[in-house]
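Secondary and tertiary structure notes
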Amino acid sequence: MMALWSKDPAQKPPTGIEDLRARYAALFARFGAAPLLDYAQGQLGPIPGEWVGAGDRARTMLYFHGGGFVAGSPETHRPLVGRLVEASGVGAFSVKYRLAPECFFPEAVRDGVDAYRGLLNKGVPGGAIVLAGDEAGGGLAFAVALAVRNAGLEMPGGVVALSPWADLSLSGLSMLANRKADAQLDWDMLFLAARNYLRKSNPCDAYASPAWSSLANFPPVMVHAGANEILRDDASKLGDRAADANVPVSVEIYDGMGHLFQTEPGRSEAKVSLSRLAQFVRAKSAVLAA
């Protein structure tokens with residue numbers, strides 16, 4: 001089954017940051033309506049964001065939105081975060097991390113770690129926190145987990161990523177193999193986003209591209225992606241790194257599906273994926289929850 005969304009074949013590559021952000025805004029507009037949940041502005045330490053769901057805060061998803069590190073917000077991703085919260089019954093804090101080019105690598109990683117510290121300082125055990133994200137936010141969830149591990153902080157209970165962008169060198173074979181099948185993302189978009197985010201930093205730096213890093217001593221990992229998207233191999237690489245480190249890992253690539261197919265709730269594959277992700281979030285955030 002092919003994705004319902006189609007890419008305009010006459011669409012030209014983005015020429016600058018405003019054009020790039022407009023392309024992402026069009027993508028976010030396809031997410032649909034957000035579930036009827038509580039959405040409240042909040043703060044974790046110095047980091048702003050949005051609480052999603054009024055459930056027990058003794059366990060929490062710390063969520064990082066996608067948007068190529070240059071676009072997006074907790075508000076644009078309410079439909080996706082809300083569906084995960086609704087399916088899992090676990091509330092989330094959606095992080096409003098700083099975006100490029102105004103703020104560049106590694107500021108987003110620092111914001112993620114500060115938000116995580118904020119949860120710990122509120123008395124939430126690390127094992128009751130699941131780091132989660134989509135696209136750039138999926139890679140960021142892994143980068144934050146790396147920074148948490150390297151700082152000697154208590155590790156989260158799990159890491160979840162939906163269609164993660166975890167290799168900013170754009171080296172995955174699916175970048176070429178799926179260039180016609182991917183209805184939403186393309187190499188030009190990601191190249192320009194990476195250039196704005198990284199500036200002169202190495203795209204293979206572990207905190208920029210966790211697909212190139214060791215995931216030793218990581219908590220359990222779950223990654224979902226569509227077989228038709230250009231980021232398919234980023235998901236597979238994260239799975240390989242987790243397996244190399246003997247970390248419990250589940251990578252699920254859904255046949256015929258595109259980027260963030262979970263935002264099409266009427267699809268059976270979206271329902272299966274959300275159910276599996278929700279089950280993982282519930283199980284891994286319950287490790288130390290009261």
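The coordinates are above.
In short, a report on the structure. (Residues numbered from 1 in each chain as written. Predicted model: local features only at pLDDT ≥ 70, side-chain atom pairs only at ≥ 80, totals over all residues. Heavy atoms only, no water.)

Considering the packing of helix 2 (residues 78–88) against helix 8 (residues 268–285)
This is how the line gets drawn: Here, axes are lines fitted to C-alpha atoms. For helices the fit covers the stretch in contact, and angles between N-to-C directions go from 0 to 180 degrees. Helix and strand definitions follow DSSP, with helices as H or I runs of at least four residues and strands as E runs of at least two, each counted in order from the N terminus. Roughly parallel covers angles under 35 degrees, roughly antiparallel covers those over 145, roughly perpendicular covers 65 to 115, and oblique covers all other angles. Note on convention: near helix rotated counterclockwise from far helix by under a right angle means a left-handed crossing. Clockwise means right-handed. Here a residue-residue contact requires only that any non-hydrogen atoms of the pair lie within 4.5 Å. The classification used treats Ala, Val, Leu, Ile, Met, Phe, Trp, Tyr, Cys and Pro as nonpolar, Asp, Glu, Lys and Arg as charged, and all other residues, Gly among them, as polar.
Their axes nearest at 8 Å, the elements helix 2 and helix 8 cross at an angle of 65 degrees. Classified by the angle between their axes, helix 2 and helix 8 sit roughly perpendicular to one another. Every pair of crossing elements has a handedness; the one defined by helix 2 and helix 8 is right-handed. Note on element contacts: helix 8 touches helix 2 through Leu274, Leu277, Ala278, Val281 and Arg282, opposite Arg83, Leu84, Ala87 and Ser88. Split by residue class, the contact of helix 2 with helix 8 holds 6 nonpolar, 1 polar and 2 charged.

Details of helix 4 (residues 136–150)
Applied cut-off: Helices are assigned an expected span. That span is 1.5 Å times one less than the residue count. Each residue's exposure class comes from its accessible area (1.4 Å probe, protein chains only) as a fraction of the maximum for that residue type: buried when under 20%, exposed when over 50%, partly exposed otherwise.
Compared with an ideal rise of 1.5 Å per residue, which puts 15 residues at 21 Å, helix 4 spans 21 Å between its outermost C-alpha atoms and is within 8% of the ideal. The buried fraction of helix 4 amounts to 13 of the 15 residues, a majority that puts the element mostly inside the structure. Of the residues one or two after helix 4, Gly152 is the one with positive phi, at around 75 degrees.

Brief notes about the pattern of salt bridges
Formally: Salt-bridge detection follows one rule: a side-chain nitrogen of Lys or Arg within 4 Å of a carboxyl oxygen of Asp or Glu.
Within the structure shown, the criterion is met by 11 salt bridges. Its salt-bridge partner being Asp186, residue Arg23 comes within 2.6 Å of it at the nearest N-O pair. With Arg23 in helix 1 (residues 17–28) and Asp186 in the loop between helix 5 (174–177) and helix 6 (187–198), this pair connects stretches of sequence that are 163 residues apart. Considered together, Arg23 and Asp186 belong to a single accessibility category, that of buried residues. The structure contains a network of salt bridges with shared partners spanning Arg98, Glu107, Arg110 and Asp111.

Quick word on the packing of aromatic side chains
This is how the line gets drawn: We call Phe, Tyr and Trp rings a pair once their centres come within 6.5 Å, taking the six-membered ring for Trp, and we label the pair stacked below 30 degrees between planes, edge-to-face above 60, and tilted otherwise.
All chains considered together, the criterion is met by 9 aromatic pairs. Measuring from centroid to centroid gives 3.9 Å for Phe69 and Tyr197, while their planes differ by 5 degrees, and the two rings are stacked. Within this pair, whereas Phe69 is found in the loop between strand 3 (60–64) and helix 2, its partner Tyr197 is found in helix 6, the two being separated by 128 residues in sequence. Comparing Phe69 with Tyr197, the two get one shared label, buried. Ring-pair connections join several aromatic residues into one group, and the members of that group are Phe69, Phe105, Trp165 and Tyr197.

Regarding the pairing of strand 4 (residues 92–95)
Here is the rule: For two strands to be treated as a pair, DSSP must find no fewer than two bridges joining them. Crossover handedness is defined here as right-handed if the route from the first strand over the helix to the second strand goes clockwise, with the strands pointing away from the viewer.
The alternating pattern of strand 4 places Ala92 and Ser94 on one face and Phe93 and Val95 on the opposite face, and all of these are buried. Here strand 3 runs beside strand 4; their pairing, made up of 4 bridges, is parallel. Looking at strand 4, one finds that Met61 is bridged to Ala92. Taken together, strand 3, helix 2 and strand 4 constitute a β-α-β crossover, and its handedness is right-handed.

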